[in-house]
Amino acid sequence: MLGAGGGTSSYKEMETTDLIVLWGSNARNAHPIFFHRITKGIRNGAKMYTVDPRRSESAEWADTWLGIDVGSDIALSNTVAREIIHAGLVNAEFIQHSTSGFDAYAESVETWTLERGEEITGVPAEAIRALAHDYAKAPTAQLCWTLGITEHATGTDNVLSLINLALLTGHVGRWGSGLVPIRGQNNVQGGGDMGALPNKFPGFQDVTDRNARAKFEAAWDSPVPAEPGWHIAEMIDAMDLGELTAMYVIGENPAQSEADVSRAIRLLDGLDHLVVQDIFLTKTAQMADVVFPAAAGWAETDGTVTSSERRVQRVRKALDPPGEAKDDNEIITMLANALGHDWEPRDAEAIWDELRSLSPMHAGMSYERLDALGGLQWPCPDDDHPGTPFLHGWLWEETLPREPAPFSIVEWMPPIDPLDDDFPIRLTTGRRLDSYNTGVQSGGYRSPIRADVVIDMTKEQAEDLGVEEREVVRVSSRRGSVEAPVRIVDGLRRGLVFMAFHAPDEVDVNQLTIDDWDPKSGTAEFKATAVRIESL
């Protein structure tokens with residue numbers, strides 16, 4: 001955050017902080033190991049708020065659950081901000097010294113009274129006020145979020161609105177207080193760190209930066225385009241326009257993971273050439289012209305993995321890959337040579353050392369140090385550096401070494417997929433504890449806690465629709481339809497239903513979701529779909 005693509009805090013801080021705000025995240029199910037840190041913090045006296053459309057398994061641990069209307073996060077954060085300002089609870093000294101743009105920001109949230117916030121978000125005004133006062137007054141506070149914030153057409157602005165709250169109160173840049181985007185999948189942080197982004201080199205260096213490009217061009221002895229490439233949503237659109245005709249997919253299953261998945265499948269099927277590199281024969285791999293069988297990176301290769309606290313750790317090979325499966329690096333090297341290049345095979349440490357020579361934030365992370373210290377947190381710029389437990393400590397230095405942190409003016413807008421008479425119910429999607437993503441890695445195993453694929457709704461909603469528990473219903477959006485049995489639950493607003501997406505072979509929930517995407521991040525609006533539900 002604030003210019004670095006990683007959470008500001010260490011996991012350990014969750015155990016000692018005074019206040020935890022879990023916003024748009026059911027970490028108990030989606031991030032269970034991280035949630036153990038949260039429960040330690042609660043047992044050590046931390047107060048917790050959860051902001052979530054559902055009274056999820058995580059919300060059951062909270063002191064207060066704010067059952068927000070889907071897609072109204074900016075409305076809520078702006079209301080919290082106005083209350084903090086009007087109550088005189090801002091950290092005025094921090095704002096004056098370490099931030100910019102406060103006056104314009106304060107003016108932008110002025111209309112967000114508690115009454116207006118309640119009207120838009122559905123959260124009682126008193127609960128909003130309590131969150132605002134407790135967050136501002138807490139000696140230390142951790143503000144955590146995940147896909148419930150980012151999988152919206154306003155996902156980037158949602159994040160910026162939360163950063164604003166930390167800047168208002170000084171809850172960033174010091175031990176115990178921070179901003180924590182909990183990564184949704186194993187090594188997502190490491191993927192971004194290594195340059196698996198269309199606009200970044202490894203170490204989050206901009207491809208548009210001439211000096212950065214020159215450094216990488218010299219190391220790679222090859223020119224590098226000066227403009228960012230396409231992100232996945234732009235790739236899908238480019239396929240639709242005939243501008244993208246071939247795709248190389250590594251460890252991804254877009255035929256089941258993309259929003260409006262029927263469109264994605266149609267476009268993948270229309271490619272001139274599709275190559276898939278994976279450890280399983282996914283639905284995407286079944287469509288491919290060529291499949292490269294890869295090794296499982298967590299057990300069959302050497303390398304590194306980076307957690308949500310920016311900690312880089314060693315991964316050590318325990319088994320040989322089966323059959324003809326090979327390390328991803330070996331496959332890519334063989335492919336490069338088949339294309340006429342002269343790449344020498346290199347082991348994982350040699351590749352890592354090249355990365356360290358080009359990414360200043362990883363420069364001090366030799367394999368020897370990673371082994372000896374149990375991992376290091378970036379930035380770690382040299383061999384004597386201990387790693388960085390929390391980011392942005394510079395905000396508290398007497399003389400700032402860089403420009404102050406800016407407030408961001410963000411305006412609330414409702415979800416892209418509107419509710420109307422034909423589609424009057426809001427569907428939001430998410431994860432369950434027993435399964436993982438599209439079920440490729442977890443679906444082949446039985447679990448005593450695995451539930452059937454269902455559509456969750458309240459008893460009142462079921463009565464409105466004239467349906468009963470376990471009755472199979474048809475769920476339709478503007479893009480497609482699926483059938484699923486009803487499960488009656490507590491903790492949902494009337495007009496809101498929930499489905500998990502882990503079993504697309506049984507119920508392909510992404511047939512329903514809308515693929516409109518955030519113009520700043522490229523993330524589709526998975527969390528807010530308009531549907532109708534019909535008894536069969």
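Predicted, not measured: the structure shown is a model, and the values here were computed from it.

1. Some points on the domain arrangement of the protein chain
- Domain boundaries in the protein chain define domain 1 (11-181), domain 2 (183-229 + 295-384), domain 3 (231-293) and domain 4 (425-535).
- A C-alpha centroid distance of 37 Å is found between domain 1 and domain 3.

2. Thoughts on the side chain of Asp417
- Relative to the elements of secondary structure, Asp417 occurs in the loop between β15 (405-406) and β16 (425-430).
- When its relative accessible area of 2% is taken as the criterion, Asp417 is described as buried.
- Engagement of the side chain of Asp417 in a polar contact is seen with the backbone nitrogen of Ala530, the distance being 2.9 Å.
- Each residue touching Asp417, except ones within four places of it in the same chain, is listed here: Arg426, Arg478, Arg479, Ile514, Glu525, Ala528, Thr529 and Ala530.

3. Quick word on the sheet that holds strand β3 (residues 64-66)
- Ordered in space as β3-β2-β1-β5-β6, the five strands form an open sheet in which the pairing is parallel. With one partner strand each, in any of the chains shown, β3 and β6 (178-181) form the two edges of the open sheet. The average angle at which neighbouring strand axes cross in this sheet is 15 degrees, direction not considered.
- This element, helix α3 (residues 32-43), spans β1 (19-23), β2 (47-51), β5 (141-145) and β6 of the sheet and lies at about 145 degrees to β1.

4. Points about the packing of helix α4 (residues 73-86) against helix α10 (residues 155-169)
- Contact geometry for α4 and α10: axes closest at 9 Å, N-to-C directions at 15 degrees. One element, α4, and the other, α10, form an angle in the roughly parallel class. Classified by chirality, the crossing of α10 by α4 is left-handed. Each of Asp73, Ile74, Ser77, Val80, Ala81, Ile84 and Ile85 in α4 lies in contact with α10, whose residues at this interface are Asp157, Asn158, Ser161, Leu162, Leu165, Leu168 and Thr169.
- When the residues that make up the contact of α4 with α10 are grouped by side-chain class, the tally is eight nonpolar, four polar and two charged.

5. Some points on helix α17 (residues 328-338)
- Buried within α17 we find Ile331, Thr333 and Ala336.
- At its buried positions, α17 is contacted by β9 (246-250), β10 (273-278) and β11 (290-293).
- N-cap assignment for α17: the residue whose side-chain oxygen lies 2.8 Å from the backbone N of Asn329 is Asp327.
- Phi turns positive one or two residues past the end of α17, at Gly340, with a value near 100 degrees.

Cut-offs used in this document
Residues numbered from 1 in each chain as written. Predicted model: local features only at pLDDT ≥ 70, side-chain atom pairs only at ≥ 80, totals over all residues. Heavy atoms only, no water. Domains from an automatic or database assignment. Helix = DSSP H or I, 4+ residues; strand = E, 2+ residues; numbered from the N terminus. Buried < 20%, exposed > 50% of the residue type's maximum accessible area, 1.4 Å probe, protein only. Polar contact = N/O pair within 3.5 Å; in protein donor to acceptor, adjacent residues only side chain to side chain. Contact = heavy atoms within 4.5 Å. Pairing = 2+ DSSP bridges. Axes fitted to C-alpha atoms, helices over the stretch in contact; angles between N-to-C directions. Parallel < 35°, antiparallel > 145°, perpendicular 65-115°, else oblique. Left-handed = near helix turned anticlockwise from the far one by under 90°. Nonpolar A, V, L, I, M, F, W, Y, C, P; charged D, E, K, R; others polar.

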